[in-house]
Structure formats: C-alpha cells, structure tokens
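Structural description and commentary
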Amino acid sequence: MKKYTGLDDITDLKELIAEAREIKKNPYAFEHLGKRKRLVMLFFNSSLRTRLSTEKAACNLGMDVTVMNFNSDAWKLEFEDGTVMNADTSEHIKEAAQVISQYGDVIAVRAFPTLTDKAKDESEYVISSFEKYASVPVVNMESATAHPLQALADAITITELSQQSKPKVVLSWAPHPKALPHAVANSFIGMMQKMDVDFTITHPKGYELSADVVKNSKVVYDQDEALKDADFVYVKNWSNYKEYGKVIATPETHSDWMVTSEKLGTAQFMHCLPVRRNVIVADEVLDGDQSVVIEQANNRTFSAQVVLKRILENLA
Ligand code: CP
C-alpha cells in the first residue's frame, strides 16, 4: 500500500480485514517492521480515538511517533499557489510538507471541513496538498469528506460480529445540535458498497448526501421501515449537504429520530464516537448489551495497524 487517503487505496478488502483480525490476535508480531521509522501525526482538529489508536498501532509495529496539534503549535499554513503572504499565514504547504517528510517516514493528517465552502471542502485541499508536496506516504485520519480508517474499523467490527452471511446494515441519520461533517457517513457508505451486506440509508427528506457517494445504495425516508429486521444499525448525524453545513433538522424538531431500544429491535448498535447521549441515542441503548461501540473503537487500533503495516512493507 503506497498511501491511505481514501477507500480507493484498498485493493483487497477481504484480505485486509482478515489481516487486521490476525494482527488483533498477535499485535506485536511485526514490531521489527517499524524499527527506526517515524510516524508524524498532524492534527488540525480534536481527537481522542484516532490519536490514541493510531499512536498505539504505530508503537505496536515498533515505530516512533511524533504528534503535533497544528493549529496551536505550528505556523499557520498557506495552501494557495502564488499568494502574496502578507496576511495571517506564515508558512506555505510546499515547504512544510517537504520539511516534515524529512522528519517522518509516514505523515498522518486530520483536517475537518469548513462546512461553509463546499467547493473548497470537496477539493480536499489540505490532505491533497500534503499528498502533492510530501515525499513520504500520507494517511488520512479524517479529512473534509472522508474517514477511511474509521470505515475500515467498522468493516472489521461488522465482519467479526455478524451472525449472517449477508447482514442487513442500516445507516441512520440522528439529530445533533451542531453542524457535523459528512466524512464518517460518506466513508461508511463507500465501505458498505464494497462489502457483501444488505445496505439501507435512512434520513429525513432534504438530508440527502452527495449522489457521488450514495450511488445506487437504497435510501428509505421512513426510519422505522428502514430499521425493520436490521442486524446492524450505524447511527450518525451529518449536517445538511444541499444547504451546505446548515442544521435544518434539529434535536427539537427531530427528536423522534433518536435511536431507542424499541427502534433498535434486535440489531447491534454502532457509532463512531464521540456520541451525545439522549440526543443521538438513548442511554438504554448505549448501556445495553446490543451496543458494540467500545469494540468498534478498539478496532480503530487494528484498522490503523494493518494500514501502517502495509505501508511499511511497501517502504522496505
Ligand atoms: N471516531 C473518531 O474518529 O473519534 P475521534 O474524533 O475521537 O478521533
């Protein structure tokens, strides 16, 4: 694997999932691979799981790790070409990416969308610029439109926990007071399209995601109908895509979309975390036996580790 910025970098999903599950059984088996290799993790936004699981994955492979909170610790970056840098940006991505490539063997980046400028977000200018100017592999730790490490962890979780050869998986929108990105939903949809699952998306009318992402996936606007006989219910909020970044359906207007035990039925409950209790999902679900969110978060380590292992093997 040369890089991992999107699901298109996966050529053999079943093999990748199987390898991640083997690594989970024996996480230190490849600690020689990362000796004297350094992962540099750059965070333009907050994180708990991505930061700790990716660092753990790198350490399990014998790598050294440097973490930088870019917005508070580094110079403000300029991404535009040909700009007269006489305002608030101090360093151009061209120099920054080349310099960081001398300090790290792999660069991992988290950079969320603006949610105000759709074209800019969809250009993926932050992660694309790192890819363009860095001379080492780049890993996406959640970009403007994608969260492929999360989606791989989700695929591992469904594969591990499924009791059916072709489980019914439902992605359900749920309300949230703030404008959230589309990245997790986008990558989960892309991942389900690659897996042998019966997949349905449900959300209020007007909350359609990009047609380029949804493609031929089934969309059912009635949440109860969509959730019927589901084996896995993956719940996630996203802000409006058409009226870009707006919160039109709120926890007040759409509290009936919150997932309860009654709505869940016999399905297993998934969420990428962090999650707002009693807004997205009722306490009874998160505290109950059908919630797999903690195991899902555990699989973030093995998702990152299989990706880093493949990248390190390609560097050797
Ligand atoms: N799910 C996820 O990416 O969690 P963090 O934002 O805490 O990294």
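In this text the structure is predicted, and so the values were computed from the model without any measurement. (Residues numbered from 1 in each chain as written. Predicted model: local features only at pLDDT ≥ 70, side-chain atom pairs only at ≥ 80, totals over all residues.)

**Structural notes on helix H1 (residues 13–25)**
An α-helical turn contains 3.6 residues, so a residue and the one three or four places further along point in the same direction. Heads up, the condition is: Secondary structure elements are defined from DSSP: runs of H or I of at least 4 residues count as helices, runs of E of at least 2 residues count as strands, and each element is numbered from the N terminus. Multiplying 1.5 Å by the residue count of a helix minus one yields the expected span of that helix. Burial is judged by counting the other C-beta atoms within 10 Å of a residue's own C-beta: 20 or more makes it buried, 12 or fewer makes it exposed, and any count in between marks it as partly exposed, with every C-beta position built from the backbone. Directions are taken from the helix axis to each C-beta atom, and the arc is the one they span. Contact between two residues is assigned when their C-beta atoms, built from the backbone, lie within 7 Å.
The end-to-end C-alpha distance of H1 is 19 Å, a good match for the 18 Å that 13 residues give at a rise of 1.5 Å each. Taken together, the buried positions of H1 are occupied by Ile17, Ala20 and Ile23. One face of H1 carries all of its buried residues, which in axial projection span an arc of 120°. Turned more than 90 degrees from where H1 packs its buried face, Glu15 and Lys25 sit exposed. Here the buried face of H1 lies against helix H7 (148–161) and helix H13 (293–315).

**Quick look at the sheet that holds strand S1 (residues 38–43)**
Heads up, the rule is: In this analysis, strands are considered paired if DSSP registers two or more bridges between them. All axes here are fitted lines through C-alpha atoms, helices being fitted over the stretch that makes contact, and every angle between N-to-C directions spans 0 to 180 degrees.
Spatial ordering of the open sheet is given by S2-S1-S5-S6, a layout of four strands whose pairing is parallel. Edge positions in the sheet fall to strand S2 (64–69) and strand S6 (138–140), since each of these pairs with one other strand and no more. Averaged over all adjacent pairs, the angle separating strand axes in this sheet is 20°, with direction ignored. Two strands pair when backbone bridges link them, and strand S5 (residues 106–110) and S6 are joined in this way by three bridges, in the parallel orientation. Residue pairing across strands places valine 109 opposite asparagine 140, the latter belonging to S6.

**So, the pairing of S5**
The buried fraction of S5 is high, at five of five residues. Here S5 shows no split at all, with Val106, Ala108 and Arg110 on one side and Ile107 and Val109 on the other all buried. In this structure, S1 lies alongside S5, joined through five bridges in parallel fashion. Counted as the bridge partner of methionine 41 is alanine 108 from S5.

**Some details on the UniProt feature "binding site: N(2)-succinyl-L-ornithine" (unreviewed entry) in the protein chain**
Here is the rule: UniProt positions are given in the numbering used here, feature names are shortened, and annotations may be inferred rather than shown by experiment.
Here the UniProt feature "binding site: N(2)-succinyl-L-ornithine" (unreviewed entry) sits at Glu142, His176, Lys236 and Arg276. Relative to the helices and strands, histidine 176 resides in the loop between strand S7 (168–173) and helix H8 (183–194). Apart from the residues within four sequence positions on either side, histidine 176 is in contact with Asn237, Pro251, Arg276, Val279 and Ile280. Relative to the assigned elements, arginine 276 resides in the loop between strand S11 (268–270) and helix H12 (283–286).

**Re the UniProt feature "domain: Aspartate/ornithine carbamoyltransferase Asp/Orn-binding" (unreviewed entry) in the protein chain**
UniProt marks residues 184–308 with the feature "domain: Aspartate/ornithine carbamoyltransferase Asp/Orn-binding" (unreviewed entry), using the numbering shown here. Annotated as residues 184–308, this span is 35% helix and 12% strand, and its ends, taken at the C-alpha atoms, are 20 Å apart.

**Remarks on the nonpolar core**
The nonpolar side chains of a soluble globular protein tend to be buried, and buried together. The cut-off we apply is this: Put simply, a nonpolar core is a cluster of buried Ala, Val, Leu, Ile, Met, Phe, Trp, Tyr and Cys residues tied together by C-beta atoms within 7 Å.
Counting residues in each nonpolar core, the largest one holds 91 residues, and the members touching the most others are Ile107, Val109, Val233 and Leu308. Of all the elements, H13 adds the most residues to this core, at nine residues.

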